[in-house]
Amino acid sequence: MSKKLANPAPLGLACFALTTFLLSAINAELAQKDLVGAVVSCALVYGGVVQTMAGMWEIKAGSTFGGVAFSSYGGFWTTFGLILLLEFLGVWTVSPTSLGVFLLAWTLFTFYLWVGTFSLNKALVSTFTLLLLTFALLDIGHLADIPIINVVGGYVGILCALNAWYVSAATLLSELFGREVLPLGHIKRKN
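Since the model is a prediction, treat every value here as computed from it, not as a measurement.

Participant: Tell me about the packing of aromatic side chains, and name the residues and values.
Facilitator: Across all of its chains, the model carries 17 aromatic pairs by this definition. Geometrically, the ring pair formed by Trp106 and Phe109 is edge-to-face, given 5.5 Å between the ring centres and 85° between the ring planes. Taken together, the residues Trp106 and Phe109, both in helix α4 (residues 96–117) and three residues apart, mark about one turn of the helix. Phe109 shares its class with Trp106; the two are buried. Here a set of aromatic residues connected by ring pairs shows up, and it is made of Phe16, Phe65, Tyr73, Phe76, Trp77, Phe80, Phe102, Trp106, Phe109, Tyr112, Phe128 and Phe135.

Participant: Would you mind going over unusual backbone geometry in detail, with residue names and values included?
Facilitator: Non-glycine residue Glu29 carries a positive phi angle of around 60°. Tracing the backbone shows Glu29 in the loop between α1 (9–27) and α2 (36–60). Positive phi is not limited to glycine here, since Asp145 has a value of about 55°. Assignment of secondary structure puts Asp145 in the loop between α5 (122–143) and α6 (147–177).

Participant: Help me get a handle on the nonpolar core, residues and values and all.
Facilitator: If you look at the biggest cluster of nonpolar residues, it comprises 37 residues, and the most contacted ones within it are Tyr73, Phe76 and Phe102. Of all elements in the fold, only α1, α2, α3 (64–88), α4, α5 and α6 reach the threshold of two or more residues within this core. If one sorts the elements of this core by residue count, α5 sits on top with eight residues. Once you skip the residues sitting within four places of it in the chain, Phe76 turns out to touch Phe102, Leu103, Trp106 and Phe135.

Each value, and the rule that gives it
- Residues numbered from 1 in each chain as written.
- Predicted model: local features only at pLDDT ≥ 70, side-chain atom pairs only at ≥ 80, totals over all residues.
- Heavy atoms only, no water.
- Phe/Tyr/Trp six-rings, centres within 6.5 Å; stacked < 30°, edge-to-face > 60°.
- Helix = DSSP H or I, 4+ residues; strand = E, 2+ residues; numbered from the N terminus.
- Buried < 20%, exposed > 50% of the residue type's maximum accessible area, 1.4 Å probe, protein only.
- Core = buried A, V, L, I, M, F, W, Y, C linked by side-chain atoms within 4.5 Å.
- Contact = heavy atoms within 4.5 Å.

Note that all results are geometric; they support no functional claim without further evidence.
If you want it as structure tokens, here you go:
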């Protein structure tokens, strides 16, 4: 007798949303820099380790997209948290250009995941569109050294986080209530 596996997507989305929200609040200059400690801690544990675990559970459940997305962004958050922590500890200094190159690599990765969302649902298309835009703005802000673009990227990142929380809630509530509570905008596939 096989047990039904729980859906790890709401957890992975929640991890991504909360960590993205915290960092984006700093980028948007809505929160003080003293929130960085919370961002680093969250990036290492909730956005990093827990989201990576959700990705592994997605793979176990047979979702390649979920496995790649959650595990990769879990790795992103762990890496980003370590970059900030090691810079704080004086191990190295990270220039805006170096951070911009790091973010650009993640923009390229996000692009092909964004394309993949076109076969999933409109809510995920929206989430990944906002994520792609966030990364692109942060790339420009860091690589061209235009701080106001990073602020705009922070606001878009907040919208991305809110969108990801919506998808998390919609997925969880639909499972709990046995019907669609919050619409995801399912994409009709041609047979």
